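# Report on the structure
Take a look at the letters that make up each chain.
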Amino acid sequence: MDSISLMGSSPATTKASFLPNGLKNGPREGLSKPTVAIIGSGDFSKCLAIRLLRSGIHVVVGSRQPKRAAEFFPHVVDVTHHEDAVGKASMLFLAIRREHYPSLWDIKHLLAGKVLIDVSNNRRVNQYPESNAEYLASLFPESTVVKGFNVISAWAMQSGPKDASRQVYICSNSVEARQQVIELARQLGFIPVDMGTLSSAKEIENMPLRLFSDWKGPVLTSVALSIFFFAYSFIRDIIHPYMKSRQSFFYKIPLEMVNRTLPVVAITLLALVYLAGQFAAAHQLFYRTKYRRFPHWLEGWLQSRKQLGLLSFFFACVHVLYSLCLPMRRSERYLLLNMAYQQVHANIENSWNEEEVWRVEMYVSFGIMSLGLLSLLAVTSIPSVNSALNWREFSFIQSTLGYISLLIATFHALLFGWKRAFEEEAYRFYLPPSFVVALVLPVTAIVGKGVLLLPCVAWRLKRIRRGCESSQRHADHERPAAHVSPERVTIM
């Protein structure tokens, strides 16, 4: 499907499409090009005019200063006054701001019966009590107002639809006018999304104003975890040596302390991705139904798994870059020279430690494998790759391989700590090492997955997700389930 539409189609009308002049297209001779008028001569108007021309549509632009505005439009565009532009087309784009709507009051009689496409946006979310489109409809009740094309930037309009900028949200109280604009959006190369009546206009107008609204919770979580683990390591590894023996390790703050924080945050975020699905499964097992709505906090958590996974991948990549830079430090060179001098002074010819060699080799290997799997999850999140996978393939990569990545990352952390978790001197200020704290959530997620894989639990959960309820004791409190699947663990 190229669009989501409220209007059905019959075999007789499947091949018919509405053009801006109200005629149906087809191989008819002697008909002139359809005409669309644009009120306004700003950047969006210029780019829209170019896009319409490339689609074979004649464009008329209405401007308060037509002679001056004509210099910025192609010569085939008819730039004239508002009155002339309105009279030459039945469909008009209003590429002007809300505060300029009253300036069209003098030509209200000319706008009667016309389709007005409102492309305006506000400067902030919910700036006015009603949407711009509803306000426009109240000013010109004899016209048909359609909200659309406001989520497309001027650059995207001129250069053509690309990937994420292809969708155009359209709404109107007139089904026929909405269908005409939907067909026009298709002709321009966009994917129209029918949002229903004009009451959806406010939601559409707020879309371009939201700044990473889905990322707010995950980003705040990442920042909070970063601050916590950095402060935790700072107290243990910087403050404690200074207070105990006056050793100054403050030079480690810019690089080494940051690098100790990054992997801990990365593995914690990765564990949070899968813990959300386990909480959802526990909720379904407890109430013995999939139709009871999840709590709001769990719904938000489930919907944030993609962002949490992306942030985990980001922290892991930055951790790799920091680790590669560690040997370049001047302090590392001094420590290496001091160690060599001490070995020479102690007459040690061979300092080879078989256990340490194996530990570091396996530690690095597990880290590379974990990052490689996370990279695979990131690649499958690309729309072009994602669309080439069926549901089973996508679920296998995002869920099964994701858990394997978490398991390998856990082994990576265990090999890093090795025996230090059992050494008394490792507990500075009676605080466990950072890697011990970092392993709490990953181990919990792995154990929780193991419990869900037990035959008795997996069988019951499978029946519940198929709609087979084993008990009705909570039926009075059930509500429709949220449209969030705990099974679809999407890292990217």
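Report follows, based on the coordinates. Note that the structure is predicted; figures quoted are calculated from it, not measured. (Residues numbered from 1 in each chain as written. Predicted model: local features only at pLDDT ≥ 70, side-chain atom pairs only at ≥ 80, totals over all residues. Heavy atoms only, no water.)

### Details of the pattern of salt bridges
Operational definition: Salt bridge, as used here: a side-chain nitrogen of Lys or Arg that lies within 4 Å of a carboxyl oxygen of Asp or Glu. The secondary structure listing takes helices from DSSP runs of H or I that are at least 4 residues long and strands from runs of E that are at least 2 residues long, numbered from the N terminus. Note on classification: 1.4 Å probe, protein chains only; a residue is buried when its accessible area is under 20% of the maximum for its type, exposed when over 50%, partly exposed between these limits.
Across all of its chains, the model carries 17 salt bridges by this definition. Here Arg186 makes a salt bridge to Glu183, at a shortest N to O gap of 3.3 Å. Placement of both Arg186 and Glu183 in helix 7 (residues 175–187) is noted, with a separation of 3 residues, approximately one turn of the helix. Judged by its relative accessible area of 11%, Glu183 falls in the buried class.

### Focus: the sheet that holds strand 6 (residues 144–147)
For clarity, the cut-off: Any two strands are treated as partners once DSSP identifies two or more bridges connecting them. Axis definition: a line fitted to C-alpha atoms, limited for helices to the stretch in contact. Angles are taken between N-to-C directions and run from 0 to 180 degrees. What makes two residues a contact is simply this: any of their non-hydrogen atoms within 4.5 Å.
Read from one edge to the other, the open sheet built from 8 strands follows the order 3-2-1-4-5-6-7-8, with strand pairing classed as mixed. Where the open sheet ends on each side, the last strands, each with one partner, are strand 3 (78–80) and strand 8 (191–194). Along the sheet, successive strands turn relative to each other by an average axial angle of 25°, direction set aside. Bridge count between strand 1 (residues 35–39) and strand 4 (residues 91–94): 3 bridges; the pairing is parallel. Its bridge partner lying in strand 4, Ile38 is registered against Phe93. Across the sheet, helix 5 (residues 132–139) lies against strand 4, strand 5 (115–118) and strand 6, angled at about 170° from strand 6, the strand it touches most. Together, strand 4, strand 5, strand 6, strand 7 (167–172) and strand 8 form the strand contacts of helix 7, whose direction differs from that of strand 7 by roughly 165°.

### Re the pairing of strand 4
The side-chain alternation of strand 4 yields two buried faces, one formed by Met91 and Phe93 and the other by Leu92 and Leu94. Inspection of the sheet shows strand 4 paired to strand 5 by 4 bridges, in the parallel sense. Bridging from a neighbouring strand, Leu92 pairs with Leu116 of strand 5.

### Some points on the packing of helix 16 (residues 391–417) against helix 18 (residues 440–452)
The line we're drawing: In this scheme, roughly parallel covers angles under 35 degrees and roughly antiparallel covers those over 145, while 65 to 115 is roughly perpendicular and the rest are oblique. Handedness of a crossing follows from how the near helix is turned relative to the far one, being left-handed for an anticlockwise turn of less than a right angle and right-handed for a clockwise one. In this count, Pro and Cys sit with the nonpolar residues alongside Ala, Val, Leu, Ile, Met, Phe, Trp and Tyr, while Asp, Glu, Lys and Arg are called charged and the others, Gly among them, polar.
Close contact between helix 16 and helix 18 brings their axes to 10 Å; oriented N to C, the two are set at 135°. As summarised for this structure, helix 16 and helix 18 are arranged oblique, according to the angle between their axes. Note that helix 16 runs across helix 18; the crossing there is left-handed. When helix 16 is examined against helix 18, the residues Tyr403, Leu406, Leu407 and Thr410 are found in contact with a partner set consisting of Pro442, Val443, Ala445, Ile446 and Lys449. Class assignment for the residues of the contact of helix 16 with helix 18 results in 7 nonpolar, 1 polar and 1 charged.

### Structural notes on helix 19 (residues 455–465)
Defined as follows: The arc in question is formed by the directions pointing from the helix axis toward the C-beta atoms.
Residues of helix 19 that are buried: Val457, Leu461 and Ile464. All buried residues of helix 19 lie within an arc of 60° about the axis, which places them on one face of the element. In helix 19, those exposed residues whose orientation departs by more than 90 degrees from the buried face are Pro455, Cys456 and Trp459. Tucked inside the fold, the buried residues of helix 19 contact helix 10 (253–287) and helix 18. Just downstream of helix 19 lies Gly467, where phi reads positive at about 95°.

### Details of helix 13 (residues 330–345)
What counts here: Expected span of a helix, by definition, is 1.5 Å for each gap between consecutive residues, and there is one gap fewer than residues.
Across its 16 residues, helix 13 extends 23 Å between first and last C-alpha, which sits within 8% of the 22 Å expected from 1.5 Å per residue. Counted residue by residue, helix 13 has 1 buried out of 16 residues, so it is predominantly exposed. Immediately beyond the C-terminal end of helix 13, within one or two residues, lies Asn347, with a positive phi of roughly 60°.

All quantities given are derived from atomic positions and should not be read as evidence of function.
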